Amino acid sequence: MTAPALVLVAHGTRSTKGVQMIAALAEAVAKELGAGVSGPGTEESPWVRTAFVDVLGPSPAEVLRDLATPTGDSVPAVVVPAFLASGYHVYQDVPREVSESAHPATVVTPAMGPDPALARIMKLRLRAAGWTPGDAVVFAAAGSSDARARQDVRRAAALLAERLGTGVRIAYVATGAPRVPEVVAELRAAGARRVFVASYLLAHGLFQQRLHEAGADGVAEPIGVHPAVVRLIADRYRVAAQEMVRARAR
């Protein structure tokens, strides 16, 4: 059988830099899997495609409907949500898109985060921004009205705190409270000498820009393309693809 395609589903952004980052991530994952990004896969190597649930296209449904071999047969697909917390997009948008595609063989993996690998990357990004032990840290997430997503953020923040060896304060960029500027100000009022923002965002865009306007001494880069992220996505794919192969063999 043709190896299942990997459909990497991201949020979407109007930021050119953010779109380029998602494309670079897909290319890196394809390289990790020995795959291609522009044509059907083979038995050994899958076909990696990107899709977006908001702002721009193609949508997951469009990508899934387009997955076919040169003979017109549907290619099985593994959908990997490139989200750092599982909220509305993961629990509602992605399943709806899969259903609307009417694709006959699709598996959706867990989202990317929270995961210890992401905490390791965030520590590296903080250090690159100038953070040193003793500096206060604001864990900045996009935010969500979904309680499950907020729980994921709390888990991710705990993983980062463990990695840093110090407490972190959670704040949100878009949805939820407290907001990042408020927490930065509170930490300064409490006597923090320096305050740094740890970005729990995947790519550059409007939300990352807002972090730079929050009044902190430094802002870490988004998680972005990193070998650990690439391996995380590739591992999500491999587990799901193996399950599909076993299911077909039964």
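Residues numbered from 1 in each chain as written. Predicted model: local features only at pLDDT ≥ 70, side-chain atom pairs only at ≥ 80, totals over all residues. Heavy atoms only, no water.

Draft legend 1. Here's a closer look at the sheet that holds strand β4 (residues 106-108). Strands sit in the order β2-β1-β3-β4 across an open sheet of four strands; the sheet is parallel. Only two strands of the sheet have a single partner each, and these edge strands are β2 (48-52) and β4. Pairs of neighbouring strands in the sheet enclose a mean axial angle of 25°, with direction left out of account. (Pairing = 2+ DSSP bridges. Helix = DSSP H or I, 4+ residues; strand = E, 2+ residues; numbered from the N terminus. Axes fitted to C-alpha atoms, helices over the stretch in contact; angles between N-to-C directions.)

Draft legend 2. Region of the structure containing the sheet that holds strand β8 (residues 218-219). Ordered in space as β6-β5-β7-β8, the four strands form an open sheet in which the pairing is parallel. Of all the strands in the sheet, just β6 (169-172) and β8 have a single pairing partner and so form its edges. Across six bridges, strand β5 (residues 136-141) lies against strand β7 (residues 195-200) in parallel orientation. Looking at the pairing, V138 lines up with V197 of β7. In this fold helix α4 (residues 116-128) packs onto β5 and β7, with an angle of close to 140° to the strand it touches most, β7. Against the sheet, helix α6 (residues 180-189) engages β5, β6 and β7, with an angle of about 145° to β6. (Contact = heavy atoms within 4.5 Å.)

Draft legend 3. Seen up close, helix α1 (residues 16-33). Compared with an ideal rise of 1.5 Å per residue, which puts 18 residues at 26 Å, α1 spans 26 Å between its outermost C-alpha atoms and is within 8% of the ideal. Burial in α1 covers these residues: G18, M21, I22, L25, A26, V29, A30 and L33. Among the residues trailing α1, G34 stands out with phi positive, at a value near 65°. (Expected span 1.5 Å × (residues − 1). Buried < 20%, exposed > 50% of the residue type's maximum accessible area, 1.4 Å probe, protein only.)

Draft legend 4. Quick look at the layout of surface pockets. Approximately 920 Å³ is the volume attributed to the largest pocket. Taken together, 35 residues form the lining of the largest pocket, with H11, F83, A142, L201 and F207 sitting closest to its centre. Elements represented by at least two residues in the lining of the largest pocket include exactly α1, α3 (88-101), α5 (147-164) and α7 (206-211). Of the residues in the lining of the largest pocket, the class split is 20 nonpolar, 14 polar and one charged. (1 Å grid on protein atoms, 1.4 Å probe; cavity = no way out; pocket = protein on both sides within 12 Å on 5 of 7 lines; lining within 4 Å. Points joined across faces, edges and corners; volume = space filled by probe spheres on them. Nonpolar A, V, L, I, M, F, W, Y, C, P; charged D, E, K, R; others polar.)

Draft legend 5. Structural detail: the nonpolar core. With 55 residues, the main nonpolar core has L6, M112, L118, L126, F139, Y200 and I233 as its most contacted residues. Among the elements that take part in this core, helix α8 (residues 227-249) stands out by supplying ten residues, more than any other. Listed in part, the 17 residues of the second largest apolar core include A51, V63, L67 and V75. (Core = buried A, V, L, I, M, F, W, Y, C linked by side-chain atoms within 4.5 Å.)

Draft legend 6. Focus on the packing of α4 against α5. Two elements in contact, α4 and α5, have axes whose closest approach is 9 Å; the angle formed by their N-to-C orientations is 55°. On the basis of their axis angle, the class for α4 and α5 is oblique. As for how α4 packs across α5, the hand of that crossing is right-handed. Here P116, A119, R120, M122, K123 and L126 of α4 come into contact with α5, specifically with L159, L160, R163 and L164. Considered class by class, the residues forming the contact of α4 with α5 number seven nonpolar, no polar and three charged. (Parallel < 35°, antiparallel > 145°, perpendicular 65-115°, else oblique. Left-handed = near helix turned anticlockwise from the far one by under 90°.)

Draft legend 7. Representation of the side chain of T109. Of note, T109 is situated in the loop between β4 and α4. Discounting residues that sit within four places of it in the chain, T109 has contacts with V78, V79, V80, P81, R236 and A240.

These figures capture arrangement, not role.
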